[in-house]
Amino acid sequence: MRSHANLRPVIGMTDPDRPDWADAFFELRDEMQRWIEASLGRQEQIPYRGGHDEGTFIASWFGHHLLFGEPRVLDFACYLRDGFAEWSRAHMLHGFYREGEVHHQTEIYTFFLSRLWQVAPDDRTAELILDAAHHIGNWVEGYPDWYDWDERRFLSWRIGTERVGTDDASGYEVPDHFRLIQIALVAHRISGQQRYLDLCTGYADRWAEAILEAPADEPPTVLRWDDTGRERPEERAALGAHHHGDSPLERVEPHVPAGTIDVMLDLHALTGEQRYAYAARRLCEALLPALADPYSNPPGALLMRYRAATGDLSLDDAVLERLTGSIDQMLQGLDGMLRFLEQTQISGYALAAARLYSSLADNPFAADRLEEYARRYHDLVGERPATGAREETPALVVETLNPEPVAGIGKRRDMVRWAWENRLGGLRPTSCPPPPSLALAWQITGDDELVAHALRAVGRRVGLARRSLRDGRHHGCAGTSIGAVASGHGRDGGYGNVTGAFYPAAGLLRDLSVERPIVRVRQPGGAPHLPPEVAMLVRPDAPEARLYNDSVQPISLQIALGDDEWLSIELAPREVTRVSAHT
């Protein structure tokens, strides 16, 4: 069944006096706030029901709280945490599921509890994380072992406090096991105990070595150690039921939802060891072909994190080439159609030219080059070709009947599709690169049009989703929820439209499972978040922050880039203030 939402989002009037990026920033912030307020009204009285990922739908709310100071986010998160704690006492054994597997049974810890503790640390959240983490390294007597310290490997994809493994689930490891490493890294931050870091480095070293020994476009997806080396039927499920095939992208795909790149970058930050950065770069390089895919959010987000964490800009040229390379071919095709139309006056060429034009109309990399073709089309046909900006309405499409696996990065069968609806009700799928890829290109080039386009797209998507989809509480992995649009579905690794594009552009980058500010702000009263009249953009490699004051009055703030000291600044009314390391 297919349905579509074609209401133009009511996200605030566009102010011509604002910079485009600031206008889009405020619209997106307000859409997030409306979703949070409406969701709280629906969810805050419903008791915890025991879903394996019941808290993950609010993963994007923590960044909203950090940027804008919404206190109810933490209140509701603690309500969910307390519900989970009560449910776990009744249904779990020593802080973890009695049986399960490393993909689903870890999600409540990696996407919810770890985020909550790092944004608002307290003993109760810490205890829930540590109770689970104790099993990762066999640190609780009387329970099955999960890890082989001598061989630095996990014993099975299937884990639990009562049962580990099956006949078909031992003798191999897949990237999903990095989800256990993510929990152990947060446990190390909570406790300071070296044993957690020792397990993480020992395990990651094996994968880093395998990744660096393999060709860049053939990263390893399975490490086997039994005598036969055969593929087990369960391995396909462990690698992702939504993906089959052996293309280069399909081989790197399992590393995205597993968090392999994030873990490598976390370990590089904690230890200073370059092998982790090299392994992360190798996987990022393998993601390059997916950057222009409209439905691949993680590549751009992961490359933004890699650039900021390592200072390595060596992939920048390849990034821009991937994002712009296909445009030349399409423009050549458009030129050919217009030439045929001029020579023959056959209407089919006009239709083909209009379709090619519209497929580029919402792509900011093509914007300056399309005007010439629009004039030529007008001279031949008598009217301009339709564009997403002028004559089409953004639309969300839900397709749930297709049972076939979906190829590529950050995709699953039930994900929502984005389109434009024309005046006759026809739908044109978007062909624009995803918002994280546009935000990445902005960080490389400094072209504000790219980040404005990215933020505007994210605001529209959140607006459409909150009018059309459920919150996502009962199935946080699913692709057809507001939570999935904002923070990603089960194959996104936590990188959705908001967490993958908006937050990095606003200065929040991933660190141990949560987005953390690389630019700190505080108001005169001490509130550690932006005033409601201020929009902010951050380029971490500059490093530079730009703040726009939408008020008619000056605003005083203190700001610190990274670990720098606090700097007092005054934002002039209706102006942009730049703050850099050299300010």
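What counts and how
Residues numbered from 1 in each chain as written. Predicted model: local features only at pLDDT ≥ 70, side-chain atom pairs only at ≥ 80, totals over all residues. Heavy atoms only, no water. Helix = DSSP H or I, 4+ residues; strand = E, 2+ residues; numbered from the N terminus. Buried < 20%, exposed > 50% of the residue type's maximum accessible area, 1.4 Å probe, protein only. Contact = heavy atoms within 4.5 Å. Areas by Shrake-Rupley, 256 points an atom, 1.4 Å probe, with all protein chains shown as cover. Lys, Arg positive; Asp, Glu negative; His and termini not counted. Charge placed at Lys NZ, Arg CZ, Asp CG, Glu CD. pLDDT = per-residue confidence, 0-100. Pairing = 2+ DSSP bridges. Axes fitted to C-alpha atoms, helices over the stretch in contact; angles between N-to-C directions. Expected span 1.5 Å × (residues − 1). Arc of directions from axis to C-beta. Phe/Tyr/Trp six-rings, centres within 6.5 Å; stacked < 30°, edge-to-face > 60°. Lys NZ or Arg CZ within 6 Å of the ring centre and 35° of its normal. Patch = residues over 30% accessible without salt bridge, like charges linked within 9 Å, V, L, I, M, F, W, Y side chains within 5 Å. Salt bridge = Lys/Arg side-chain N within 4 Å of Asp/Glu carboxyl O. Parallel < 35°, antiparallel > 145°, perpendicular 65-115°, else oblique. Left-handed = near helix turned anticlockwise from the far one by under 90°. Nonpolar A, V, L, I, M, F, W, Y, C, P; charged D, E, K, R; others polar.

Visitor: Just to check I follow, could you spell out the overall build of the protein for this structure?
Guide: Along the protein, the regular secondary structure elements total 20 helices and 18 strands. Seen through its principal axes, the protein has C-alpha atoms that stretch 80 × 60 × 45 Å. The buried share of the protein, reckoned over its 583 residues, is 58%. Here the analysis covers contacts within the protein between residues at least 6 apart in sequence; of these, 68% occur between residues at least 24 apart. Here the protein displays about 22,900 Å² of accessible surface, and carbon together with sulfur accounts for 48% of that area. Here the protein holds 61 positive side-chain charges and 86 negative ones, and the gap between their average locations is 4 Å.

Visitor: What exactly am I supposed to notice about the confidence of the model for the protein here?
Guide: Low-confidence regions, as indicated by low pLDDT, have predicted coordinates that should not be scrutinised in detail. In the predicted model, the protein carries a mean pLDDT of 90, and the fraction of residues at 70 or more is 93%. Below a pLDDT of 50 lies the segment residues 1-14, which in the model reaches 44 contacts outside its immediate sequence neighbourhood of four places, other chains included.

Visitor: Looking at this model, I keep getting lost on the sheet that holds strand 14 (residues 534-539). Mind explaining?
Guide: The pairing of strands in a sheet happens through backbone hydrogen bonds and is either parallel or antiparallel. Here we have three strands laid out as an open sheet, ordered 14-15-18, and antiparallel in their pairing. The outermost strands of the open sheet, each flanked by one partner alone, are strand 14 and strand 18 (576-580). Across this sheet, the average inter-strand angle for adjacent strands is 20 degrees, counted without regard to direction. Here six bridges tie strand 14 to strand 15 (residues 544-549), and the two strands are oriented antiparallel to one another. Following the sheet pairing, Leu-537 is matched in strand 15 by Arg-546. Helix 17 (residues 435-445) rests against strand 14 and strand 15 of the sheet, and its axis sits at about 70 degrees to strand 14.

Visitor: I'm lost on the side chain of Gln-43 in this one. Help?
Guide: In this fold, Gln-43 is placed in helix 1 (residues 20-43). Judged by relative accessible area, Gln-43 falls into the buried class, the value being 9%. Residue contacts for Gln-43: discarding those within four places in its chain leaves Phe-57, Phe-76, Tyr-79, Asp-471 and Arg-473.

Visitor: What is the right way to read the sheet that holds strand 17 (residues 567-571) from this model?
Guide: Spatial ordering of the open sheet is given by 13-16-17, a layout of three strands whose pairing is antiparallel. The strands lining the two open edges of the sheet, one partner per strand, are strand 13 (519-522) and strand 17. Averaged over all pairs of adjacent strands, the angle between their axes in this sheet comes to 35 degrees, without regard to strand direction. With four bridges connecting them, strand 13 and strand 16 (residues 555-561) associate as antiparallel partners. Within strand 16, the position partnered with Arg-522 by the bridge is Gln-558.

Visitor: How should I be thinking about helix 16 (residues 367-381) in this particular structure?
Guide: Because the α-helix completes a turn every 3.6 residues, residues three or four places apart line up on one side. With 15 residues, helix 16 extends 21 Å between its outermost C-alpha atoms, agreeing within 8% with the 21 Å of an ideal straight helix rising 1.5 Å per residue. All buried positions along helix 16 are accounted for by Leu-370, Tyr-373, Ala-374 and Tyr-377. The arc that holds every buried residue of helix 16, seen down its axis, measures 115 degrees, which confines them to one face. The exposed set on the far side of helix 16, more than 90 degrees from its buried face, consists of Asp-368 and Asp-379. Check the buried side of helix 16 and you find it contacts helix 14 (316-344) and helix 15 (347-360). Positive backbone phi, approximately 100 degrees, marks Gly-382, located one or two places after helix 16.

Visitor: Where do I start with the packing of aromatic side chains in this structure?
Guide: How two aromatic rings sit relative to each other is set out by the distance from centre to centre and by the angle between their planes. Following the criterion strictly, the structure yields 25 aromatic pairs and no others. Within the aromatic cluster, the residues linked to one another by ring pairs are Trp-139, Tyr-147, Trp-149, Phe-154, Phe-178, Tyr-196, Tyr-203 and Trp-207. The ring of Trp-139 has Arg-195 lying over it, and the distance from NZ or CZ to the ring centre is 4.5 Å.

Visitor: I keep staring at helix 20 (residues 497-505) and nothing clicks. Help me out?
Guide: Most of helix 20 is tucked away, with nine of its nine residues classed as buried. Those residues of helix 20 not exposed but buried are Asn-497, Val-498, Thr-499, Gly-500, Ala-501, Phe-502, Tyr-503, Pro-504 and Ala-505. Remark: Gly-507 follows helix 20 within two positions and exhibits a positive phi of approximately 95 degrees.

Visitor: Can you help me understand unusual backbone geometry in this one?
Guide: The phi angle at His-94 is positive, at roughly 50 degrees, despite the residue not being glycine. Looking at the secondary structure, you find His-94 in the loop between helix 3 (71-91) and strand 2 (100-101). Positive phi values are uncommon outside glycine, yet Asn-138 reaches one of about 65 degrees. Position of Asn-138 among the secondary structure elements: in the loop between helix 5 (123-136) and strand 3 (147-148).

Visitor: Help me out: how do you make sense of a negative patch on the surface in this one?
Guide: A surface patch of negative charge is lined by Asp-20, Asp-368, Asp-447 and Glu-449. Mapping Asp-447 onto the fold places it in the loop between helix 17 and helix 18 (448-468). Residue class for Asp-447 comes out partly exposed when judged on its relative accessible area of 35%.

Visitor: Can you help me understand the pattern of salt bridges in this one?
Guide: Side chains that carry opposite charge are capable of pairing whenever their charged atoms lie near each other. Under the defined criterion, the tally for this structure stands at 46 salt bridges. Of the charged contacts in the structure, one is a salt bridge between Glu-273 and Arg-275, with a shortest N-O distance of 3.0 Å. Relative accessible area serves as the criterion here: at 31%, Arg-275 is assigned to the partly exposed category. Across the pair Arg-307 and Asp-316 runs a salt bridge, and its minimum N-O distance is 2.8 Å. Overlapping salt bridges, with partners in common, bring together Arg-18, Asp-23, Glu-27, Arg-456, Asp-550 and Arg-574 in one network.

Visitor: Could you clarify how one ought to interpret the pairing of strand 17 in this entry?
Guide: Walk down a regular strand and you will see the side chains alternate between the two sheet faces. The pairing of strand 16 with strand 17 spans five bridges and is antiparallel. Bridged to Leu-557 within strand 17 is Ile-569. Between the antiparallel neighbours strand 16 and strand 17 lie five residues, among them Gly-562 with a positive phi of about 60 degrees.

Visitor: What is the right way to look at the packing of helix 12 (residues 274-287) against helix 13 (residues 298-310) in this model?
Guide: Axes are the key here: two packed helices are described by the angle between their axes and the distance separating the axes. One can describe the packing of helix 12 onto helix 13 by two numbers: an axis separation of 10 Å at closest approach and a directional angle of 150 degrees. On the basis of the axis angle, helix 12 is roughly antiparallel to helix 13. Relative to helix 13, the crossing made by helix 12 is left-handed. Along its contact with helix 12, which presents Ala-277, Ala-280, Arg-281, Cys-284 and Leu-287, the element helix 13 presents Pro-299, Leu-302, Leu-303, Tyr-306 and Thr-310. The residue inventory of the contact of helix 12 with helix 13, partitioned by class, reads eight nonpolar, one polar and one charged.

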